[in-house]
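Analysis of the macromolecular model
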Amino acid sequence: CCYTELTIEALKKMRGSNVYQYIFLCAMFSLGVSQILPLDRSCEAQIRLGSYIGGCFDEVFHGFGNLSFTDGGFYSGEWRNGLRNGNGTMKFSPNNREGRKMYNGGWKKDLISGYGKMEWMDTNPYNVKEYVGYFENNTEHGYGSTVWLNGVTFDGEWENGHAVSGTRCEKL
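What follows concerns the overall build of the chain. Counting secondary structure elements, the chain contains two helices and ten strands. Put simply, the chain runs from its N terminus to its C terminus through helices and strands in the order α-α-β-β-β-β-β-β-β-β-β-β. The proportion of buried residues among the 172 residues of the chain is 36%. Sequence-distant contacts in the chain: of pairs separated by 6 or more residues, those separated by 24 or more amount to 17%. As displayed, the chain offers around 10,500 Å² of accessible surface, 53% of which is attributable to carbon and sulfur atoms.

Core analysis: the largest hydrophobic core is formed by 17 residues, its most contacted members being Trp-79, Phe-92, Tyr-103, Trp-107, Ile-112, Met-118 and Phe-135. Within the residue set of this core, elements represented by two or more residues are strand E2 (60-69), strand E3 (74-80), strand E5 (100-108), strand E6 (111-120), strand E7 (128-136) and strand E9 (153-159).

Glancing now at the sheet that holds E5. Read from one edge to the other, the open sheet built from ten strands follows the order E1-E2-E3-E4-E5-E6-E7-E8-E9-E10, with strand pairing classed as antiparallel. Single-partner strands in this sheet number two, and they are strand E1 (50-57) and strand E10 (162-169). Neighbouring strand axes in the sheet, compared pairwise and without regard to direction, differ in orientation by 10° on average. Pairing analysis gives seven bridges linking E1 to E2, with the strands arranged antiparallel. Its bridge partner lying in E2, Gly-50 is registered against Phe-69.

Rules of the game
Residues numbered from 1 in each chain as written. Predicted model: local features only at pLDDT ≥ 70, side-chain atom pairs only at ≥ 80, totals over all residues. Heavy atoms only, no water. Helix = DSSP H or I, 4+ residues; strand = E, 2+ residues; numbered from the N terminus. Buried < 20%, exposed > 50% of the residue type's maximum accessible area, 1.4 Å probe, protein only. Contact = heavy atoms within 4.5 Å. Areas by Shrake-Rupley, 256 points an atom, 1.4 Å probe, with all protein chains shown as cover. Core = buried A, V, L, I, M, F, W, Y, C linked by side-chain atoms within 4.5 Å. Pairing = 2+ DSSP bridges. Axes fitted to C-alpha atoms, helices over the stretch in contact; angles between N-to-C directions.

Set out below in C-alpha cells:
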C-alpha cells in the first residue's frame, strides 16, 4: 500500500519485521500523514513484552501507538503516561486463561473501562460469545448485552461482572 521513499526508509529503520508496524505506517500514509517520526528511543525502557511503534513522552508510551506482545497479543490505541487510556483495540494472546479473543472500546489507567465490545474464543471457561456494553475495572458494569455460545442472550444491568436485572432470552 505504501510506495514512497519515506515509507521504505521508515521500514528499514524498524527493528524486526513486524506486520502490524507496516500496516500502521500504511494507514498513516493513507490518512495523509506526510512525516513519520522515528521511534523515540527513550521509550525502550518500557518495552519489556514486545515491540512498540507510536507516541512517546517522558520515556513512556503517550498518544497513539501499537504494542505487539511476544505472546501473540496486540494493542492499538491511545496511551497516556505509559498506560492504555482512551479508545483502543486489544487482540488477546490465544493462550490467555479467560479465553478472551478481542476487545474494542474504552480504557482507563490500563483497565477496560467505559463502553466497548468483548469477544471470547469458542473455547472459554464462561461459554460466552460476546458482551457489548459498559465496563469498569476490567469487568462488565452498567448496561450491556451478552450472547452465550448456546444462543441464550441477556440484556440488562451488570454489577462487577454479575447480571443483576434485565431480560434473558432462551434460544428456541
